Each structure stands twice: as C-alpha cells, then as structure tokens.
Amino acid sequence: MCGLLAAALACVLIGRAWATCDVGGNSYANSLTLVVLFVPLWIVGALCWVLPYGLLGRRPNGGWAVATGTAATLLLVWSAATWLGMPDDYPAPFCVDGVPGWWPTWIPA
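What you are looking at is a predicted structure, and each value in this text was computed from that prediction instead of being measured.

Caption draft 1: Just the environment of Cys-2, in detail. Checked against the element boundaries, Cys-2 lands in helix 1 (residues 2–21). The exposure class of Cys-2 is partly exposed, given its relative accessible area of 37%. With 45 residues separating them along the chain, Cys-2 and Leu-47 place their C-alpha atoms 9.8 Å apart.

Caption draft 2: Seen up close, a nonpolar patch on the surface. On the surface, Val-39, Ile-43, Leu-47, Val-50, Leu-51 and Leu-55 cluster together into a nonpolar patch covering about 580 Å² of accessible area. A relative accessible area of 53% places Val-50 in the exposed class.

Caption draft 3: Highlighting the packing of helix 1 against helix 3 (residues 63–85). Remark: helix 1 packs on helix 3, axes separated minimally by 9 Å, with the N-to-C direction vectors making an angle of 25°. Classified by the interaxial angle, the pair formed by helix 1 and helix 3 is roughly parallel. Helix 3 is crossed by helix 1, and the crossing has right-handed handedness. Only Thr-73, Leu-76, Val-77, Ala-80, Ala-81, Leu-84 and Gly-85 of helix 3 make contact with helix 1, whose side of the interface consists of Ala-6, Leu-9, Ala-10, Leu-13, Ile-14, Ala-17 and Trp-18. Here the contact of helix 1 with helix 3 is composed, by residue class, of twelve nonpolar, two polar and no charged.

Caption draft 4: Here's a closer look at the nonpolar core. Ranked by size, the top nonpolar core spans 20 residues in total, and within it Ile-14, Trp-18, Leu-41, Leu-76 and Ala-80 carry the most contacts. In terms of residues, this core owes the most to one element, helix 1, which gives eight residues. Leu-41 has contacts with Gly-3, Ala-7, Ala-10, Cys-11, Leu-76 and Ala-80, leaving out every residue within four places of it along the chain.

Caption draft 5: Seen up close, the packing of aromatic side chains. Under the definition given, this model contains three aromatic pairs. Relative to Tyr-53, the ring of Trp-49 lies with its centre 6.4 Å away and its plane at 25°, an arrangement referred to as stacked. Here the residue Trp-49 and the residue Tyr-53 both occupy positions in helix 2 (residues 27–56), the gap between them amounting to four residues, near one helical turn. Note on Trp-49: relative accessible area 17%, which makes it buried.

Caption draft 6: Broad picture of helix 2. Over its 30 residues, helix 2 runs 42 Å from end to end, which matches the ideal 44 Å to within 8%, given 1.5 Å per residue. Along helix 2, the sharpest change in direction is near 30° and occurs at Phe-38; proline Pro-40 comes one to four residues later. The set of residues buried in helix 2 consists of Asn-30, Leu-34, Leu-41, Gly-45, Cys-48, Trp-49 and Pro-52. Buried residues in helix 2 make contact with helix 1 and helix 3.

Caption draft 7: Looking closely at the side chain of Thr-82. One can find Thr-82 in helix 3. Among the residues examined, Thr-82 registers a relative accessible area of 14% and is labelled buried. For Thr-82, the side chain forms a polar contact with the main-chain oxygen of Ser-79, separated by 3.5 Å. Excluding residues that lie within four positions of it along the chain, Thr-82 makes contacts with Trp-103, Pro-108 and Ala-109.

What counts, and where the lines are drawn
Residue positions within a chain follow its written sequence, with the count starting from 1. Totals for whole chains, interfaces and linings use all residues, but because this is a predicted model, local features are given only for residues with pLDDT of at least 70 and pairs of side-chain atoms are given and counted only at 80 or more. In computing side-chain properties, one takes all heavy atoms of the structure into account and sets aside hydrogens as well as water. Only DSSP runs of H or I covering at least 4 residues are called helices, and only runs of E covering at least 2 are called strands; the numbering of each starts at the N terminus. Three exposure classes are used, based on accessible area relative to the maximum for each residue type with a 1.4 Å probe and protein chains only: buried under 20%, partly exposed in between, and exposed over 50%. Here a patch means residues that are over 30% exposed by relative accessible area and free of salt bridges, tied together within 9 Å if like-charged and within 5 Å if nonpolar (Val, Leu, Ile, Met, Phe, Trp, Tyr). Computed with the Shrake-Rupley method and a 1.4 Å probe, the accessible areas treat only the protein chains shown as cover for residues. Think of a salt bridge as a Lys or Arg side-chain nitrogen and an Asp or Glu carboxyl oxygen that are within 4 Å of each other. Lines fitted to the C-alpha atoms define the axes, with helices restricted to the stretch that makes contact. Angles between their N-to-C directions range from 0 to 180 degrees. Convention used here: angles under 35 degrees read as roughly parallel, angles over 145 as roughly antiparallel, angles from 65 to 115 as roughly perpendicular, and any remaining angle as oblique. For any pair of crossing helices, the crossing counts as left-handed if the nearer helix is rotated counterclockwise from the farther one by less than a right angle, and right-handed if it is rotated clockwise. Every residue pair with non-hydrogen atoms within 4.5 Å of one another is taken to be in contact. Following the grouping adopted for this structure description, the nonpolar residues are Ala, Val, Leu, Ile, Met, Phe, Trp, Tyr, Cys and Pro, the charged ones are Asp, Glu, Lys and Arg, and the polar ones are all others, Gly among them. As used here, the term nonpolar core means buried Ala, Val, Leu, Ile, Met, Phe, Trp, Tyr and Cys residues forming a set that is joined through side-chain atoms within 4.5 Å. Within 6.5 Å between ring centres, the rings of Phe, Tyr and Trp (the latter by its six-membered ring) count as paired, and their orientation is classed by plane angle as stacked under 30 degrees, edge-to-face over 60, tilted in between. One fewer than the residue count of a helix, multiplied by 1.5 Å, yields its expected span. Values of bend correspond, residue by residue, to the angle between axes fitted over the seven residues ending at that residue and the seven starting there. Polar contacts, as counted here, are pairs of nitrogen or oxygen atoms within 3.5 Å of one another; within protein the pair requires one atom able to donate a hydrogen and one able to accept it, and residues that are adjacent in sequence qualify only if both atoms are side-chain atoms.

Next up, the structure:
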C-alpha cells in the first residue's frame, strides 16, 4: 500500500512540475509517460517496505523497520520528483533554473 501511495505522490509531483514548467509536447504524451513510470515507482516503493520488514521486522524493536521504510520511501519520492520532474536542461521560461515556483526552497532540487 505504501508503494502505491509513494508512486502516486511521485507521479503527481512530476506531472505538476512538468505542467508548471511547460515540459513536453502535450498533456497526453506527458500522461502516458507518467502511466509507464508509475509501475517501476510502485515496485521500488513496495521494496522500500518489504526489505526493511524482512531484514529488521523480526527484531524485538520493530520501530527500526518503520523508520527505515519511511526514510527509503521519502528518498524515493524526492529523488524521482527532482531527477525526473525538474527540467534543469530544458529551456523553460516559466521555471527559474528548472525548479517550479511552488517547490519549497528548503527542499533541495
């Protein structure tokens, strides 16, 4: 379930960044790319929870598995949104340095 939510959040952030920065030819092509991208993100997001629970979940303190899964999921969403969503080499007049205006300044892009 967490992998599904992580993939959905990453795709929404990427889609919003592309729409704000006017990336791509049209919205249909961008949507199709995000649909194809959703499946690998879902698999990696699920692995972010399966692996910590498999390795750390049997220990008496199961909090490490939750902390590791949460950190890995946040890292996945952030890396997907910044690596794929922020068009640093795309000539976008709407985004300064390829970063949309709605992106928080305290989160590195």
